[in-house]
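Working through the structure, step by step
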Amino acid sequence: MKTTVWALLALLSLAACKTTPQENSSTETSTAAAIPATLEDSMYKLVIAMHDEAMPKMNQLKGLQKTAQQQIDSLKATNNKANEMLMIRLEKVKLQLAAAEKGMDDWMAQFEPDPMQPTTEERGAYFKDQYEKAKVMRDNIFISLDSAAAIIR
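As a starting point, this report considers the structure included with it. (Residues numbered from 1 in each chain as written. Predicted model: local features only at pLDDT ≥ 70, side-chain atom pairs only at ≥ 80, totals over all residues. Heavy atoms only, no water.)

**Things to note about the packing of helix H5 (residues 58-78) against helix H6 (residues 84-110)**
If you want to describe how two helices pack, look at the angle between their axes and the distance between the axes. Put simply, H5 and H6 touch, their axes get as near as 9 Å, and they point 155 degrees apart. Taken as axis vectors, H5 and H6 run roughly antiparallel relative to one another. Note on packing geometry: the crossing formed by H5 with H6 is left-handed. Across the interface between the two elements, Met-58, Leu-61, Lys-62, Leu-64, Gln-65, Ala-68, Gln-69, Gln-71, Ile-72, Leu-75 and Lys-76 from H5 touch Leu-86, Met-87, Leu-90, Glu-91, Lys-94, Leu-97, Ala-98, Ala-100, Glu-101 and Met-104 from H6. (Axes fitted to C-alpha atoms, helices over the stretch in contact; angles between N-to-C directions. Helix = DSSP H or I, 4+ residues; strand = E, 2+ residues; numbered from the N terminus. Parallel < 35°, antiparallel > 145°, perpendicular 65-115°, else oblique. Left-handed = near helix turned anticlockwise from the far one by under 90°. Contact = heavy atoms within 4.5 Å.)

**What to know about the packing of aromatic side chains**
Each aromatic ring pair is summarised here by two numbers: the centre-to-centre distance and the angle between the ring planes. For the structure shown, the criterion picks out six aromatic pairs. The interplanar angle of 20 degrees and the centroid separation of 6.5 Å between the aromatic rings of Tyr-44 and Phe-111 together place this pair among those described as stacked. Remark: Phe-111 occurs in the loop between H6 and helix H7 (120-151) and Tyr-44 occurs in helix H4 (residues 39-54); sequence separation between them is 67 residues. Relative to Phe-127, the ring of Tyr-126 has its centre 5.3 Å away and its plane inclined at 65 degrees; by these criteria the two rings are edge-to-face. Judged on exposure class, the residue Tyr-126 and its partner Phe-127 are both buried. Through a chain of ring-to-ring contacts, three or more aromatic side chains come together here, namely Tyr-44, Trp-107, Phe-111, Tyr-126 and Phe-127. (Phe/Tyr/Trp six-rings, centres within 6.5 Å; stacked < 30°, edge-to-face > 60°. Buried < 20%, exposed > 50% of the residue type's maximum accessible area, 1.4 Å probe, protein only.)

**Some words on the pattern of salt bridges**
On inspection of all chains with the given rule, the structure shows nine salt bridges. Among the ionic pairs, Arg-123 bridges to Glu-40, the shortest N-O distance being 3.0 Å. Of the two residues, Arg-123 is situated in helix H7 and Glu-40 in helix H4; the sequence distance between them amounts to 83 residues. In terms of burial, Arg-123 and Glu-40 fall into one category: buried. (Salt bridge = Lys/Arg side-chain N within 4 Å of Asp/Glu carboxyl O.)

Okay, here's the thing in structure tokens:
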């Protein structure tokens, strides 16, 4: 995993170096804002990319929790033993969706976009750690959505 992060950062650095003189003169201000100046900036952008990929799925996640509960209630009303396994699976996926939602909420509550670490290296390490946490959070959201799609009708 560390190798992947560092390889990605190396590619970002190489891409930043490969601009033509025409690009530099005509879009200097817009390009300067887009290119991370430091490893700390690169890691911060990767963390935010994880968040930005997962955040739009939150409404879908909440909607699926509601749908799962409605289906559970409907199955309970039929009082049919044949539906017990489906009800158990729906309960499990509902809990998985709720845990993924809580994961996003918890991660956002603890994330500090402007950490008070005194050195660039320490801030870079903080964002590297946050990248790992954000990746887990994002993966949990997508896994729970996939699980729900397989069960919820």
